[in-house]
Amino acid sequence: MSSNDDLIRPVQWADGATRLLDQTLLPGETTYKDCRTAEEVWEAIYALRVRGAPAIGVAAAYGLVTSVWPSAAASPADLLAEVEAAADYLATSRPTAVNLFWALDRMRGIARSSAVASAQDMKAALLDEAHAIYHEDDALCHAIGEHGASLVADGETLLTHCNAGGLATSGYGTALAVMFSAHALGKGISVYVDETRPLLQGARLTTWELMRAGIPCTLISDNAAAHVFAQGRVQRVVVGSDRIAANGDAANKIGTYGVAVLAREHGIPFHVAAPTSTLDMSLAHGGLIPIEERAAEEVTEGFGRRTAPDGVDVYAPAFDVTPAKYITSIITERGVHLPPFTESLKTDA
Ligand code: MRU
């Protein structure tokens, strides 16, 4: 299929509400939650009801409009103050995915610069911008898919970590866009999916998406990847990213770094697929990327019963940074960027 928009709409605008497909309930339940306040949008992002870097950006953009939609502000200046406060607040929901800040900055820019006669007109301009962010993301993801699919040979088996699919974007994905596009070209691919502890985005979300798209996939526990590589079962790894520094170091779901090192050891190409809204050229290297730490319970209780003694110390980083030296290429909507990334990201992006 060329698009899975018919199947997956993780973020939508619904008459003042930001409507989110609650990803914490997948794959068992397809339930949408209408967020009607800034607090509800913040909670949905924090709790991973909406997750994945581009989808967080889109949700924040609509969420900002939702936050000020009922406002009775008397003038554009008054509404601007509310927009700034809501953007500051939503920006505290999660720290790593730069798309959150990128989208909120775009929305602030509209509020600051729009020469509108009334607060109502400013609301309309903000909603237009949120729609633009949504539609642009969809176009970028399709371009990423096409560029990435050109790298994939017929009959290849790929591996991915976490979920960088339609659920993580406006509907088509980044790493999974490469797979959707290769599949649409009839390349006969199949995919190994890391389950992605602790919150199981691979097991719950990526397999769900691939199966719906009719792409053969096999779920493995995270600690099976080395064995699967050693057996020669995988020809290519493609993952998404939450933030890419100017030198190409790429933050992604915890465990991605290990997969990259293993891929290098086994001579398997390792690609990062992300829109340029995920680039943070203000950071020289990945050591400067803020890494979110999550609640201990996500490790000790996960989605089921308690699996560790009460009171145990837990360290729960949600992301790690894959050094650029392990990355074969970075696939954006502009094309396939090769090392040295300090040069190729600057000139191509
Ligand atoms: O904690 P999550 O589920 O938001 O983490 C998501 C990822 O790590 C994705 O791989 C990344 O955001 C890219 S999504 C296209």
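The shown structure was predicted, so the numbers you read here are calculated from the model rather than taken from an experiment.

Cut-off values and rules
Residues numbered from 1 in each chain as written. Predicted model: local features only at pLDDT ≥ 70, side-chain atom pairs only at ≥ 80, totals over all residues. Heavy atoms only, no water. Helix = DSSP H or I, 4+ residues; strand = E, 2+ residues; numbered from the N terminus. Buried < 20%, exposed > 50% of the residue type's maximum accessible area, 1.4 Å probe, protein only. Contact = heavy atoms within 4.5 Å. Areas by Shrake-Rupley, 256 points an atom, 1.4 Å probe, with all protein chains shown as cover. Lys, Arg positive; Asp, Glu negative; His and termini not counted. Charge placed at Lys NZ, Arg CZ, Asp CG, Glu CD. Salt bridge = Lys/Arg side-chain N within 4 Å of Asp/Glu carboxyl O. Core = buried A, V, L, I, M, F, W, Y, C linked by side-chain atoms within 4.5 Å. Phe/Tyr/Trp six-rings, centres within 6.5 Å; stacked < 30°, edge-to-face > 60°. Lys NZ or Arg CZ within 6 Å of the ring centre and 35° of its normal. Domains from an automatic or database assignment. Polar contact = N/O pair within 3.5 Å; in protein donor to acceptor, adjacent residues only side chain to side chain. Nonpolar A, V, L, I, M, F, W, Y, C, P; charged D, E, K, R; others polar. Disulfide = S-S within 2.5 Å. Axes fitted to C-alpha atoms, helices over the stretch in contact; angles between N-to-C directions. Parallel < 35°, antiparallel > 145°, perpendicular 65-115°, else oblique. Left-handed = near helix turned anticlockwise from the far one by under 90°. pLDDT = per-residue confidence, 0-100. Arc of directions from axis to C-beta. Pairing = 2+ DSSP bridges. 1 Å grid on protein atoms, 1.4 Å probe; cavity = no way out; pocket = protein on both sides within 12 Å on 5 of 7 lines; lining within 4 Å. Points joined across faces, edges and corners; volume = space filled by probe spheres on them.

### Comments concerning the overall build of the chain
Okay, so step 1: The helix and strand inventory of the chain stands at 11 helices and 14 strands.
Okay, so step 2: A burial count over the chain gives 55% of its 349 residues as buried.
Okay, so step 3: For the chain, restricting intrachain contacts to residue pairs at least 6 apart in sequence, the fraction spanning at least 24 positions comes to 75%.
Okay, so step 4: With the model as given, the accessible surface of the chain reaches about 13400 Å², and the carbon-plus-sulfur share is 54%.
Okay, so step 5: Taking the average place of the 26 positive charges on the side chains of the chain and the average place of its 42 negative ones, the gap between the two points comes to 3 Å.

### Quick look at the pattern of salt bridges
Okay, so step 1: Applying the stated criterion across every chain, the model contains 18 salt bridges.
Okay, so step 2: Here Arg-94 ties to Glu-292 by a salt bridge, and the two come within 2.8 Å at their closest N and O atoms. Of this pair, Arg-94 sits in the loop between helix H3 (76-90) and helix H4 (98-113) while Glu-292 sits in the loop between strand E11 (279-280) and helix H10 (297-300), and the two are 198 residues apart along the sequence. Each of the two residues, Arg-94 as well as Glu-292, counts as buried.

### Notes on the nonpolar core
Okay, so step 1: Within the largest apolar cluster, 39 residues are counted, with the highest numbers of intra-cluster contacts made by Tyr-62, Leu-64, Met-107 and Leu-126.
Okay, so step 2: Those elements that provide at least two residues to this core are strand E1 (11-14), helix H1 (38-46), helix H2 (53-68), H3, H4 and helix H5 (119-149).
Okay, so step 3: In terms of residue count, the dominant contributor to this core is H2 (11 residues).
Okay, so step 4: Setting aside anything within four residues of it in sequence, one finds Leu-64 in contact with Val-83, Ala-86, Ala-87, Leu-90, Leu-104 and Met-107.

### Topic: the packing of aromatic side chains
Okay, so step 1: Enumeration over the complete set of coordinates arrives at 7 aromatic pairs.
Okay, so step 2: Taking 6.1 Å as the distance between ring centres and 20° as the angle between the ring planes, the aromatic pair formed by Trp-42 and Tyr-89 counts as stacked. Highlighted residues: Trp-42 in helix H1 and Tyr-89 in helix H3, separated in sequence by 47 residues.
Okay, so step 3: With centroids separated by 6.3 Å and ring planes inclined at 55°, the aromatic side chains of Tyr-62 and Tyr-134 adopt a geometry described as tilted. Here Tyr-62 is found in helix H2, whereas its partner Tyr-134 is found in helix H5, with 72 residues between them in sequence.
Okay, so step 4: The structure contains a cluster of three or more aromatic residues connected by ring pairs, namely Trp-13, Tyr-62, Trp-69 and Tyr-134.
Okay, so step 5: Lying across the ring of Phe-319, Lys-253 places its NZ or CZ 4.3 Å from the centre.

### A few points about the domain arrangement of the chain
Okay, so step 1: According to the domain assignment, the chain consists of domain 1 (4-141) and domain 2 (147-348).
Okay, so step 2: The distance between the C-alpha centroids of domain 1 and domain 2 comes to 25 Å.
Okay, so step 3: Listed per partner, the contact involves 32 residues of domain 1 and 38 residues of domain 2.
Okay, so step 4: The interface formed by domain 1 and domain 2 includes 1 salt bridge.
Okay, so step 5: Connecting domain 1 to domain 2 are 17 residue pairs in polar contact (both at pLDDT 80 or more).
Okay, so step 6: Of all the elements, H5 adds the most residues to the side of domain 1 that touches domain 2, at 5 residues.
Okay, so step 7: Tallied by class, residues from the side of domain 1 that touches domain 2 come to 20 nonpolar, 7 polar and 5 charged.

### Observations regarding the state of the cysteines
Okay, so step 1: Throughout the structure, instances matching the rule amount to 0 disulfides.
Okay, so step 2: Its sulfur unpaired, Cys-162 is 15 Å from the next cysteine sulfur, which belongs to Cys-141.
Okay, so step 3: Cys-162 provides the cysteine sulfur closest to Cys-217, a residue in no disulfide bond, and the two sulfurs are 15 Å apart.

### Quick notes on the packing of H1 against H2
Okay, so step 1: Where H1 meets H2, the closest approach of the two axes is 9 Å, and the angle between their N-to-C directions is 165°. As far as their axial angle goes, H2 and H1 are roughly antiparallel. Both H1 and H2 take part in a crossing whose hand is right-handed. Contact with H1, carried on its side by Ala-38, Val-41 and Ile-45, involves Ile-56, Ala-59, Ala-60, Gly-63 and Ser-67 of H2 and no other residues of that element.
Okay, so step 2: Here the contact of H1 with H2 is composed, by residue class, of 6 nonpolar, 2 polar and no charged.

### Overview of the confidence of the model for the chain
Okay, so step 1: Put simply, the chain has an average pLDDT of 96, and 97% of its residues get 70 or more.
Okay, so step 2: This stretch, residues 1-5, has a pLDDT under 50; its non-local contacts, to residues over four places away or in other chains, come to 19 contacts.

### Focus on helix H9 (residues 256-265)
Okay, so step 1: Among all positions in H9, only Thr-256, Val-259, Ala-260 and Ala-263 are buried. With its buried residues spanning 100° around the axis, H9 presents them on a single face.
Okay, so step 2: Phi for Gly-267, located one or two positions after H9, is positive at around 70°.

### Here's the deal with the pairing of strand E6 (residues 217-220)
Okay, so step 1: Note that strand E5 (residues 190-194) and E6 share 4 bridges and pair parallel. Residue pairing across strands places Val-191 opposite Cys-217, the latter belonging to E6.

### Observations concerning empty space enclosed by the protein
Okay, so step 1: Using the criterion set out here, one finds 2 cavities of 30 Å³ or more in the structure.
Okay, so step 2: Within this model, the largest cavity holds a volume of roughly 190 Å³.
Okay, so step 3: Secondary structure elements with two or more residues in the lining of the largest cavity: H2 and strand E9 (250-253).
Okay, so step 4: Along the lines of polarity and charge, the residues of the lining of the largest cavity split into 10 nonpolar, 8 polar and 4 charged.
Okay, so step 5: Residues from two domains meet in the lining of the largest cavity; each of domain 1 (4-141) and domain 2 (147-348) gives at least three.
Okay, so step 6: Quantified by volume, the second largest cavity comes out at close to 60 Å³.
Okay, so step 7: Pro-54, Gly-57, Val-58, Asn-99, Trp-102, Ile-133, Glu-136, Asp-137, Leu-140 and Ser-277 are the residues that line the second largest cavity.
Okay, so step 8: Looking at the lining of the second largest cavity, the elements that each hand over two or more residues are H2, H4 and H5.
Okay, so step 9: Top contributing element to the lining of the second largest cavity by residue count: H5, with 4 residues.
Okay, so step 10: In terms of residue class, the lining of the second largest cavity is made up of 5 nonpolar, 3 polar and 2 charged.

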